[in-house]
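Residue-level structure breakdown
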Amino acid sequence: MDNKIVLSPSLLSADFSDLGGALKEIEKTDGSWVHIDVMDGHFVPQVTYGQPVIKSIRKCSGLPFDVHLMIEKPEMSIPSYIESGADYITFHAEATAHADLCIQMIHNAGKKAGIALCPSTPVSVLEELLPYIDLVLVMTVNPGWGGQKLIPYTVEKVRKLADIRRREGLGFLISVDGGVNSKTLPLVLEAGTDVVVSGSSFFTGELKWNQ
């Protein structure tokens, strides 16, 4: 596993009228992915963008697209997000009874599979799946809104996942999403985070990135 920490700026906090410009800004940052939050208005109250937007901006950047599906029944939509150009597809454990099927669909298309956990969802729900996934996304805020403060107890979940990975010799990446700024960044990195998702702090310049 590469020890380099990855920054994955979230387009949720970008200017939606200039997503191409936002991608250029992200490309200037060393070690970047592009985090794309898809919201359906059901799993979370907000609605963002879907497959047509992702497909249209795919040609604007060669960076990995880290697509985070905050949608109900992701198994119904995963094929279309694969087609739109996603590299990593992360769905929520809380949003489907068919997590194993989702992982198989993603892997069969040659893409990387991730599972996200809401703050109140314990790590234990992933016990059977950790050997088969490429990424675990720990939501450090409640999903659906940008600009929230990091929930302190979620950092312990990162630490638990890092301990399991080390003990079991697994290879999944650990990502955190929500409330990461220059003050909280050291906390999540010390706990074992590999991928840092940042929205408003990245685009305002508050997050100083020199990893």
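Residues numbered from 1 in each chain as written. Predicted model: local features only at pLDDT ≥ 70, side-chain atom pairs only at ≥ 80, totals over all residues. Heavy atoms only, no water.

1. What about the pairing of strand β3 (residues 65–70)?
- Counting buried residues in β3 gives six out of six residues, a clear majority hidden from the surface.
- Residues F65, V67 and L69 line one face of β3 and the alternating positions D66, H68 and M70 line the opposite face, and both faces are buried.
- The sheet contact formed by strand β2 (residues 34–39) and β3 spans six bridges and is parallel. Looking across to β3, one finds that D37 is bridged to H68.
- Read from β2 through helix α2 (residues 51–58) to β3, the crossover connection turns out right-handed.
- Two strands pair when backbone bridges link them, and β3 and strand β4 (residues 88–92) are joined in this way by four bridges, in the parallel orientation. Looking at the pairing, L69 lines up with F91 of β4. (Buried < 20%, exposed > 50% of the residue type's maximum accessible area, 1.4 Å probe, protein only. Helix = DSSP H or I, 4+ residues; strand = E, 2+ residues; numbered from the N terminus. Pairing = 2+ DSSP bridges. Right-handed = clockwise from strand over helix to strand, strands pointing away.)

2. Notes on helix α4 (residues 99–108)
- When we look at burial in α4, the residues that qualify are A99, C102, I103 and I106. Considered in projection along α4, the buried side chains sweep an arc of 100° and stay on one side of the axis.
- Against the buried residues of α4 lie α3 (78–84), β4 and β5 (112–117). (Arc of directions from axis to C-beta. Contact = heavy atoms within 4.5 Å.)

3. Looking at the sheet that holds β5
- The strand order across the open sheet formed by eight strands is β1-β8-β7-β6-β5-β4-β3-β2, and the pairing between neighbours is parallel. Single-partner strands in this sheet number two, and they are β1 (6–9) and β2. Strand after strand, the sheet turns through a mean of 25° between neighbouring axes, direction not considered.
- Relative to strand β6 (residues 135–139), β5 runs parallel, the two sharing four bridges. Residue pairing across strands places A116 opposite L137, the latter belonging to β6. (Axes fitted to C-alpha atoms, helices over the stretch in contact; angles between N-to-C directions.)

4. Regarding the packing of aromatic side chains
- For the coordinates displayed, the defined rule picks out three aromatic pairs.
- Here the aromatic rings of F16 and Y49 are separated by 5.4 Å at their centres, their planes lie at 45°, and the arrangement is tilted. A residue pair is termed long-range when its members are at least 10 positions apart, and F16 in the loop between β1 and α1 (19–27) and Y49 in the loop between β2 and α2 qualify at 33 residues.
- Ring geometry for W33 against Y88: centres 4.4 Å apart, planes inclined by 25°, an arrangement best described as stacked. Taken together, the residues span a long stretch of sequence, with W33 in the loop between α1 and β2 and Y88 in strand β4 at a distance of 55 residues.
- Judged by its relative accessible area of 9%, W33 is buried. (Phe/Tyr/Trp six-rings, centres within 6.5 Å; stacked < 30°, edge-to-face > 60°.)

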